[in-house]
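What follows is the residue order along each chain.
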Amino acid sequence: MLTCGETWCKLYLMSTALGFLDGLAYGADYNPEQWGRDVWEDDLELMRRARVNLVSLAIFSWALLEPEPGRYEFGWLDNVMDGLAAAGIRADLANATASPPAWLSHRHPEVLPVTADGRRMSFGARQAYCPSSTVFRDASLSLTREIAERYRQHPALAMWHVSNEIGCHNAHCYCDVSAAAFRRWLEVRYRDLDTLNDAWGTAFWSQRYGSWDEITPPRVAPAFVNPTQQLDFRRFSSDACLDVYRAQRDVLRSTTPDLPITTNFMVMQFQKNLDYASWAPEVDILANDHYLQAADPDAHIELAFAADHCRGLAGGGPWMVMEHSPSAVNWQPRNVAKLPGEMIRNSLQHVARGSDGVMFFQWRASAAGAEKFHSGMVPHAGTKTKTYREVVRLGRILERLGEIAGTKAERAAAIVFDWEAWWAVELGAHPTIDVTYLDRMHAIYEALWRMGITVDVVPPSADLDEYRLVIVPTLYLTADDFAERLESWVAAGGTALVTYLSGIVDPSDHVRLGGYPGAFRALLGIRSEEFFPLRSGETVHLDDGSTADVWTELLHLDGAKAVASFTDGPVAGVPAITLNRRGDGTAWYMATRLDGEATHRLVKQVADDAGVKPAIPMVTAPSGLEVVRRSGPAGSYLFLINHGDETAHVAAAGYDLVGDREIGRSVSVRPGDVAVIREEIG
Ligand code: GAL
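In this report, we go over the structure that sits alongside the text.

About the cut-offs
Residues numbered from 1 in each chain as written. Predicted model: local features only at pLDDT ≥ 70, side-chain atom pairs only at ≥ 80, totals over all residues. Heavy atoms only, no water. Helix = DSSP H or I, 4+ residues; strand = E, 2+ residues; numbered from the N terminus. Rg over C-alpha atoms; globule rule 2.2 N^0.38 Å. Contact = heavy atoms within 4.5 Å. Areas by Shrake-Rupley, 256 points an atom, 1.4 Å probe, with all protein chains shown as cover. Lys, Arg positive; Asp, Glu negative; His and termini not counted. Charge placed at Lys NZ, Arg CZ, Asp CG, Glu CD. Axes fitted to C-alpha atoms, helices over the stretch in contact; angles between N-to-C directions. Parallel < 35°, antiparallel > 145°, perpendicular 65-115°, else oblique. Nonpolar A, V, L, I, M, F, W, Y, C, P; charged D, E, K, R; others polar. Polar contact = N/O pair within 3.5 Å; in protein donor to acceptor, adjacent residues only side chain to side chain. Buried < 20%, exposed > 50% of the residue type's maximum accessible area, 1.4 Å probe, protein only. Core = buried A, V, L, I, M, F, W, Y, C linked by side-chain atoms within 4.5 Å. Phe/Tyr/Trp six-rings, centres within 6.5 Å; stacked < 30°, edge-to-face > 60°. Near = heavy atom within 4 Å.

In terms of helices and strands, the chain carries 18 helices and 29 strands. For 682 residues, the compact-globule formula gives about 26 Å, and the C-alpha radius of gyration of the chain, at 26 Å, lands near that figure. For the C-alpha atoms alone, the extent of the chain along its principal axes is close to 75 × 75 × 50 Å. Taking the contacts inside the chain whose residues are at least 6 apart along the sequence as the reference set, 71% of them involve residues at least 24 apart. On the chain, roughly 26400 Å² of surface is accessible, and the fraction owed to carbon and sulfur atoms is 50%. Between the mean site of the 63 positive side-chain charges and the mean site of the 88 negative ones, the chain shows a separation of 4 Å.

In this section: the packing of helix α7 (residues 176-190) against helix α9 (residues 227-255). Two elements in contact, α7 and α9, have axes separated by 10 Å at closest approach and are oriented at 100°. Considered as vectors, α7 and α9 are oriented roughly perpendicular to each other. Each of Ser178, Ala181, Phe182, Trp185, Leu186, Arg189 and Tyr190 in α7 lies in contact with α9, whose residues at this interface are Gln229, Asp232, Phe233, Arg235, Phe236 and Asp239. Class assignment for the residues of the contact of α7 with α9 results in 7 nonpolar, 2 polar and 4 charged.

Inspection of the secondary structure puts arginine 235 in helix α9. A polar contact is formed between the side chain of arginine 235 and the side chain of aspartate 232, at a distance of 2.9 Å. Setting aside anything within four residues of it in sequence, one finds arginine 235 in contact with Trp185, Arg189, Glu420, Trp423, Leu477 and Pro507.

Along the polypeptide, tyrosine 174 turns up in the loop between β4 (157-161) and α7. You can call tyrosine 174 buried: its relative accessible area is 14%. For the pair formed by tyrosine 174 and glutamine 229, sequence separation is 55 residues and the distance between their alpha carbons is 13 Å.

A few words on the environment of glutamate 110. Tracing the chain through its elements places glutamate 110 in the loop between α5 (102-107) and α6 (134-151). Its relative accessible area of 34% is what places glutamate 110 among the partly exposed residues. Along the chain, glutamate 110 and valine 177 lie 67 residues apart, while their C-alpha atoms are 8.4 Å from each other. If sequence neighbours within four positions are ignored, glutamate 110 has contacts with Arg120 and Val135.

Let us look at the nonpolar core. Among the nonpolar cores identified, the biggest contains 181 residues, and Leu93, Leu348, Trp363, Leu486 and Phe520 are the most heavily contacted of them. Among the elements that make up this core, the one with the highest residue count is helix α15 (residues 437-451) (9 residues). Tyr190, Leu193, Ala199 and Trp200 belong to the second-largest nonpolar core, a separate cluster that totals 16 residues.

Tallied over the entire structure, the rule returns 32 aromatic pairs. Ring centres of phenylalanine 182 and tryptophan 185 lie 6.5 Å apart, and the angle between their planes is 25°; on these two criteria the pair is classed as stacked. Separated by 3 residues within a single helix, phenylalanine 182 and tryptophan 185 lie in helix α7, roughly one turn from each other. Residue phenylalanine 182 shares its accessibility class with tryptophan 185, and that shared class is buried. Residues tryptophan 200 and tyrosine 209 carry aromatic rings whose centres are separated by 5.9 Å and whose planes lie at 85° to one another, so their mutual orientation is edge-to-face.

What follows deals with the site of the ligand. Near the ligand, the surroundings consist of Phe60, Arg126, Asn164, Glu165, Asp289, Tyr291, Glu323, Trp331, Phe361, Glu371 and His374. Between the ligand and the protein, one listed contact pairs an oxygen atom with a side-chain N or O atom of asparagine 164 at 2.8 Å. Contact distances for the ligand include 2.7 Å between an oxygen atom and a side-chain N or O atom of histidine 374. Tallied by class, residues from the shell around the ligand come to 4 nonpolar, 2 polar and 5 charged.

Structural measurements only, silent on function.
Structure below.
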């Protein structure tokens, strides 16, 4: 029998974690405990009709499964599991620890998390626990053991779902238990206080620590809190949440060594708290929850970015989307419903970018509770609805797409994404509030998306040799190791594009002296002596006709050549875009925030320089067409997803698995439609 501590076994599991399904996963979070038993029968019939083959079960069931400490009631869950098994639907069974019951915090109020200003939160929502609480830990492990023992051999059980979105609401707890855990974490990181004092720069503002006991989490203080203390607290908090996962996973692993185990990540635009690059190696399949921001008219591009990020974290794939919404969510200011076809497009975007399944939150829209206005695969209005009809249609499409499971999205470029850099660049007391981490990341990604170039979004630790083009946006905090590897990779023939405020500080958030951009000076062949951020709304111009805003800097060439220079603003005449030939490769630098058109032009020039090509020639494709190719031993599959309002005509030959039709020489994809062509090779 395989035991999964070993690397080879881990790799095996990563590539076959959903191997229990014959094709792609399709389903949702299933919360039957919110409904009477008469509804359960109906559920199974409607799932069968929709071709659902996997459900995530018991995620928020702790209070029902353990109504009093140590007294378990599994009867209802036994019935649900038996019903699923009889219907041929597999369970991604949760260990039910996502939200502790009222009795836990009633008996042990110290498990409740505390905010930075010292307020203890109350029971009554969800996730009301401190990640460092040993009381929570013991209770959650006891429940996990019970569930693992009870269902270990159940025929419906296919995989384990540990907790749910760990750290979504409680990643940062400032209570005394967390403070003690933070100190222990710091002792491991720094070993002695002198090293900590150096790293935290405590010579500043009389912050020197003489004993470990004096150190607290970065609670609310009269002025700017020490930035390295804040950074370390973020690192610690991500690790504390990861420990919550690991402890529960290990119980499951010891009971069922050969079943895949995962937890759902939140790789999306507003989830900054957890460093998923350190989490990714801990799951057997990377599972992600993704929700569109309704206010963003290009939310489908952000979806693509998040999906490419999941693939990058999963080392190229496979991965799975564990939750997205069938239509509207309930937690944004204006919860815009999905238009006809949008849910299918969103689902197939995830699949195009490497997800081996499509899962939703949730199966049946709740009638009560805080999420009663969140869409479900079965809406309040029942099955004679746009949503359920599309759910059934999507089930058919995914069944036909089953053969693509295990294939990988083709890509030649990477964007470097680092949670530590995100945390550090947005710490405050910086040159301007207008430089935010995701701004250039998304702008450059969007330019590549519009060109039909698929990129992996990868951590700095990724192997760059897989790529011809590497983009480094706003990597404010940069470790020596990455700077050195990027430099050798460029020298060996790679093309890199680095944007402003990169390479500025080391991992302790200390400025790299001698001129900016510190870690990348030699690679880029430049040296900046001073930042000149712009006033709100102020724009500057470049001699190639581009407009820019937010950022300028007093830059000197030190080997690089100027591609474009500022014609006005505080540093008129100074280079704004530079290019440095380094060994066999090239390193570009963008010293200002170019507008959309100019960003597109520059990124195109850099991509051409790198020899990176789109999945298909995009010269005449309409702007809303998303193009991705997945390939593998099973074949080559071209995804054409039309988000725009013009019909796209694309040269392709093969079989359209969505339209269920032969394609001779070209395919037309109408606005809102999707085609997935199994391509004829040769
Ligand atoms: C997720 C969560 C689900 C549900 C969903 C609503 O963050 O995991 O339980 O709350 O959001 O969009």
